[in-house]
Structures are given as C-alpha cells and as structure tokens.
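Residues per chain are reported as follows:
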Amino acid sequence: NGINLGNTMEAYGHTTLGTAAKVSVYETYWGQPVTTADMVKGYRAAGFDTLRIPVAWTNKMNYESGDYTIAADYLDRVQEIVDYAIDAGMFVIVNDHWDGGWWGMFGSASEATRNAAMELYTSMWSQIAERFKDYPDNLIFESANEELGNNLNLQTVAIDSGTLDDNGKYEVSNLINRQFVNVIRNSGGNNDDRFLLIAGINTNIANTLDARFKMPEDTAKDKLLVSVHYYDPWNYCGDNTKQCHWGLANEYKYMNETLAQLKYFVDAGYGVVIGEYGALMSDEGEYMYDYIDYHTNLL
C-alpha cells in the first residue's frame, strides 16, 4: 500500500527559478512543505509501506546548453528523502516525473533534438544509478511517469514536436524502456538485479495491454515490474465538475474487470504497481471513500 510524495520534488521551477535557487525553493514551489523524517514516519505509521517520490531532475540541470549534470545538492536532497523512507522500513520508488515537458524532445522534427533527448535521459539515469548503486533492494527505479506515449509529442520545450504517430509512440517508448534497463544494469553495485519499474504507455491499462507495448529484455531474472495508473472514470476521479456520484453496480463491475486484466502481466512473470489512483474530494462528491477502499482491497 503506497503513497506519493506529491507536488514536492517534482514541483517544476526550472523555467522561472533557473538552476541556482536553493533546493528547498523548488521543493516547496507548488505549495507543499519541506519533507521531514517525521512526515515519512507518519506515512509508515498510517499503514503505507511504499513511498513513491516523483522527481523533476531538470530543475537543477542546464540541459538546454547540452549539460546534463544534475546539481549535487539536488541529488543530495532526493537521497536524504530516500533515506527517510528506508530508515522507516518502506519500499521507495524514484522516477522522472513530467519534468517540465522535456520529454517532447523525443517527438521533435529534428534528429539532433531527438538524439539530445536520449543523451539527456541516459545521462540522468546514469547519475541516479551511480548515486544509489549500493542501496538495498527496497529502492526501486521507475523509467518514467505518464510520459511514454502521448507526452512524447509535448511542445512545451520542443516546439517542433508532435511527429510521432501512434505506432511511433510505442516504438520510441519501447526504446526508452530498453535504454533504461540497460543503463541501470550496466551501472554496477546492487543495480545488477535491482527491481525496475517499467512505465506503461500513458500508464493507461488498455494502452499498456496493447501488443505494441513490449517489456524490455533484462539480464536479471524476474526483476521487472510494470507501472500503470487508474483514474477511471476520469469524469468522477479527476473532474468532479462533471460527475459527482460513483458506486453503481456496473461501475464496480468495470473496476473489477479492468484491474483483472493486469493478470496478463502477472502470468508473464512481471509484478504490477499501480503508482497512482484516486478520486478528487469535494463537498458534492459521493462515495469517494468507497471508491478508494474498494480499489485498495480489490488489489
């Protein structure tokens, strides 16, 4: 049972703060407090055994100039939070999370920009892998968040992005996941057989079950997990201005049937992590607790 350290290390201030601000300024940029060891202990005491730490690594990276070095103080801070969780006896998941939309470089019309995207990605994970290579198995690396898929065409950073059709999105996503596994496995230490969490296409269950999605090959045996998210139906979970009710028999049935499809990966020898799920709280919303409780216990 996990919880996300949301709107914290993935809060994106690169475009307004540059790369020279104190790490705490980025960490609190979206309104969250500075994370403390007591907060993480509180998560554990509340029954959460996994902490997912979304991170915007380019907050302190001058990648626009081709310098893909992550500032040491930023790596230090992420490591400090990872230590909080490990000391509390939790599993920890670390990823690269939206990160200002640099992922759209993969869909650029420019080959040079596409190549730079892979160089950035490779350098980023090489540095992360090196920093944490001696950490225990309860630290898990996740290849992306929801970026593999439609977000490879984001024009936030690469204004000439948008070149990938549906087949191209799958092909590039598979390539990124293969590179992720190769970089981690070749970095030494405990990374030789650390559990790796492979992001699905848009982290959408149906998209990830598509035959065009391929789990990468791995030199370690039975150490790959697949990452998906569940926010169905979206007009209830994410946009409570449109639908404020949930709990009809057919809605329970849909959840049952959708999550049951993930057995495909289990049968193929992969673990499954639903890294995000939930429903917005509102004064008008009904059955939010039933939704979350049923979803959690169904798993």
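Each remark here, short or long, concerns the structure printed above.
Caption draft 1: Spotlight on a nonpolar patch on the surface. Taken together, the side chains of Val25, Tyr29, Trp30 and Trp98 make up a nonpolar region of the molecular surface, amounting to roughly 340 Å² of accessible area. With respect to the element layout, tryptophan 30 can be found in the loop between α2 (23–27) and α3 (37–45). Judged by relative accessible area, tryptophan 30 falls into the partly exposed class, the value being 38%.

Caption draft 2: Fine view of the pattern of salt bridges. With the rule as written, the count across this model stands at 14 salt bridges. The partner of glutamate 142 in a salt bridge is arginine 52, and the shortest N-O contact between them spans 3.0 Å. Taken as a pair, glutamate 142 in strand β4 (residues 139–142) and arginine 52 in strand β2 (residues 50–53) lie far apart in primary sequence, 90 residues in all. Assessed through its relative accessible area of 0%, glutamate 142 is described here as buried. Here arginine 52 falls in the buried class, since its relative accessible area comes to 3%. Note that lysine 169 and aspartate 166 form a salt bridge whose closest N and O atoms lie 3.6 Å from each other.

Caption draft 3: How the structure looks around the pairing of β2. In β2, alternate side chains face the same way, and those of Thr50 and Arg52 on one face and Leu51 and Ile53 on the other are all buried. Inspection of the sheet shows strand β1 (residues 2–4) paired to β2 by 3 bridges, in the parallel sense. Residue pairing in the sheet places isoleucine 3 in a bridge with leucine 51 of β2. With 4 bridges joining them, β2 and strand β3 (residues 91–94) adopt parallel strand pairing. Bridge pairing links leucine 51 to valine 92 in β3. Handedness of the crossover joining β2 and β3 through helix α4 (residues 72–87): right-handed.

Caption draft 4: The packing of helix α9 (residues 249–260) against helix α11 (residues 288–298), seen in detail. Remark: α9 packs on α11, axes separated minimally by 11 Å, with the N-to-C direction vectors making an angle of 30 degrees. One way to sum up the angle between α9 and α11 is to call them roughly parallel. Seen from above, α9 lies across α11 with right-handed handedness. In contact with Tyr252, Met255, Asn256 and Leu259 of α9, α11 contributes Asp290, Tyr291, Tyr294, His295 and Leu298. Among the residues forming the contact of α9 with α11, the class breakdown is 6 nonpolar, 2 polar and 1 charged.

Caption draft 5: Quick peek at the sheet that holds β2. Across the sheet, which stays open at both edges, the 7 strands sit in the order β1-β2-β3-β4-β5-β6-β7 with parallel pairing between neighbours. Both outer strands of the open sheet, β1 and β7 (271–277), are each paired with one neighbouring strand and no more. Neighbouring strand axes in the sheet, compared pairwise and without regard to direction, differ in orientation by 25 degrees on average.

Caption draft 6: Inspection of the environment of phenylalanine 91 at higher detail. Along the chain, phenylalanine 91 turns up in strand β3. Sequence separation of phenylalanine 91 and alanine 45 is 46 residues, and the distance between their C-alpha atoms is 14 Å. Beyond its immediate stretch of four places on either side in the chain, phenylalanine 91 contacts Asp49, Thr50, Leu51 and Asn138.

Caption draft 7: The nonpolar core, seen in detail. With 80 residues, the main nonpolar core has Ile53, Trp57, Val82, Trp102 and Phe106 as its most contacted residues. Residues in contact with tryptophan 57, not counting those within four places in the same chain, are Ile70, Tyr74, Leu75, Val78, Val94, Asn95, Asp96, Asp99, Met124 and Ile128.

Caption draft 8: Structural view of the packing of helix α5 (residues 111–132) against helix α6 (residues 166–185). Contact pair α5 / α6: the axes reach a minimum separation of 9 Å and the direction vectors enclose 30 degrees. Here the hand of the crossing between α5 and α6 comes out right-handed. Facing α5, whose interface residues are Met118, Tyr121, Thr122, Trp125, Ser126 and Ala129, α6 presents Leu175, Ile176, Gln179, Phe180, Val183 and Ile184. Among the residues forming the contact of α5 with α6, the class breakdown is 9 nonpolar, 3 polar and no charged.

Calculation notes
- Residues numbered from 1 in each chain as written.
- Predicted model: local features only at pLDDT ≥ 70, side-chain atom pairs only at ≥ 80, totals over all residues.
- Heavy atoms only, no water.
- Patch = residues over 30% accessible without salt bridge, like charges linked within 9 Å, V, L, I, M, F, W, Y side chains within 5 Å.
- Areas by Shrake-Rupley, 256 points an atom, 1.4 Å probe, with all protein chains shown as cover.
- Salt bridge = Lys/Arg side-chain N within 4 Å of Asp/Glu carboxyl O.
- Helix = DSSP H or I, 4+ residues; strand = E, 2+ residues; numbered from the N terminus.
- Buried < 20%, exposed > 50% of the residue type's maximum accessible area, 1.4 Å probe, protein only.
- Pairing = 2+ DSSP bridges.
- Right-handed = clockwise from strand over helix to strand, strands pointing away.
- Axes fitted to C-alpha atoms, helices over the stretch in contact; angles between N-to-C directions.
- Parallel < 35°, antiparallel > 145°, perpendicular 65-115°, else oblique.
- Left-handed = near helix turned anticlockwise from the far one by under 90°.
- Contact = heavy atoms within 4.5 Å.
- Nonpolar A, V, L, I, M, F, W, Y, C, P; charged D, E, K, R; others polar.
- Core = buried A, V, L, I, M, F, W, Y, C linked by side-chain atoms within 4.5 Å.

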